[in-house]
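Report on the structure
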Amino acid sequence: IYNYGKNNLMVILFKHVQMKKIITICSLLFSATVFSQNYINLSKAEVKKQLHSYINKNDLAKTSITETDTTLVIKEHSAASTYRFDKKGKCLSEKIIADSDASFKQNLQMVLDQKKYGWKKINGNQYISGFAEKLMIELALGQNDFTFIILRTDWSKEMYDILTAN
């Protein structure tokens, strides 16, 4: 039995708690990086390749990818993402489901922080990108539903101007 003394034990406990916080923050950052609007309009093969690359690069052995004719689903420890593809095999939406409010906010903020899309909040649960990008984010309305969807849109300039008029 080691005799750490009261002060040394407190230091060890403090360091342990701090390390757990750092690990939690890092895992949130890693999970958020896989989820982004960068996959919209890519082919299913390209999205699948990038997801596998992400898993291998970050050594995420517990991450899984499930595939159907029209979807790819990636599941990690704090979130899951479903990519839907149109008849031509292009990604038209991404649904992100987080397991907590903190993870949800982190994932959403990572998407909104990508300045090249020019995200603008148009109401309580929707954001739209700049006109050329033609993307929309819809947040779930349920109190404990930590979900948002990034969609490819096909709006006209007139429709976009109406949406951004407020």
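The structure we're discussing is the one just above.
What comes next concerns the included structure. It should be emphasised that the depicted structure is a prediction, and the values quoted were computed from it without experimental measurement. (Residues numbered from 1 in each chain as written. Predicted model: local features only at pLDDT ≥ 70, side-chain atom pairs only at ≥ 80, totals over all residues. Heavy atoms only, no water.)

**Thoughts on the overall build of the protein chain**
For the record, the criterion: Numbering of helices and strands runs from the N terminus; a helix is a DSSP stretch of H or I covering at least four residues, while a strand is a stretch of E covering at least two. For each residue, the accessible area found with a 1.4 Å probe, counting protein chains only, is set against the maximum for its type, and the residue is called buried under 20%, exposed over 50%, and partly exposed in between.
Looking only at helices and strands, the protein chain features 4 helices and 8 strands. For the protein chain, the succession of helices and strands along the chain, N to C, is α-α-β-β-β-β-α-β-β-β-β-α. When the 166 residues of the protein chain are sorted by exposure, 37% land in the buried category.

**Focus: helix 3 (residues 101-112)**
Formally: Expected helix span is taken as 1.5 Å per residue step, with the number of steps being one fewer than the number of residues. Here, the arc refers to the directions that run from the helix axis to the C-beta atoms.
Over its 12 residues, helix 3 extends 16 Å from the first C-alpha to the last, a length consistent with the 16 Å expected when each residue adds 1.5 Å. Regarding helix 3, the residues found buried are Ser103, Phe104, Asn107, Leu108, Val111 and Leu112. In an axial view of helix 3, the angular spread of the buried residues amounts to 165 degrees, which keeps them on one side of the axis.

**So, helix 2 (residues 44-57)**
Side chains three or four residues apart in an α-helix point the same way, a direct result of the helix having 3.6 residues per turn. When the terminal C-alpha atoms of helix 2 are compared, their 20 Å separation across 14 residues agrees well with the 20 Å that a helix rising 1.5 Å per residue should span. Within helix 2 the residues assigned to the buried category are Lys44, Val47, Leu51, Tyr54 and Ile55. What you see down the axis of helix 2 is that its buried residues fit within an arc of 95 degrees, all on one side. Summarising the geometry of helix 2, the exposed residues directed more than 90 degrees from the buried face are Ala45, Lys49, Asn56 and Lys57. Positive phi appears at aspartate 59, one or two residues downstream of helix 2, with a value of about 50 degrees.

**Concerning the packing of aromatic side chains**
Geometry of an aromatic ring pair is reported as the spacing of the ring centres plus the angle between the planes. Heads up, the condition is: Pairs were defined over the aromatic rings of Phe, Tyr and Trp, the Trp ring being its six-membered one, requiring ring centres within 6.5 Å. Orientation was assigned from the angle between planes: stacked under 30 degrees, edge-to-face over 60, tilted for the rest. Distance and angle both matter: a charge sits over a ring if NZ of Lys or CZ of Arg is within 6 Å of the ring centre and within 35 degrees of the ring normal.
Applying the stated criterion to the full structure yields 5 aromatic pairs. With a centroid separation of 5.5 Å and an interplanar angle of 50 degrees, the aromatic rings of tryptophan 155 and tyrosine 160 are classed as tilted. Taken together, the aromatic side chains of Phe131, Trp155 and Tyr160 make up a single cluster linked through ring pairs. Positioned over the ring face of phenylalanine 131 is lysine 157, at 5.3 Å from the centre of the ring.

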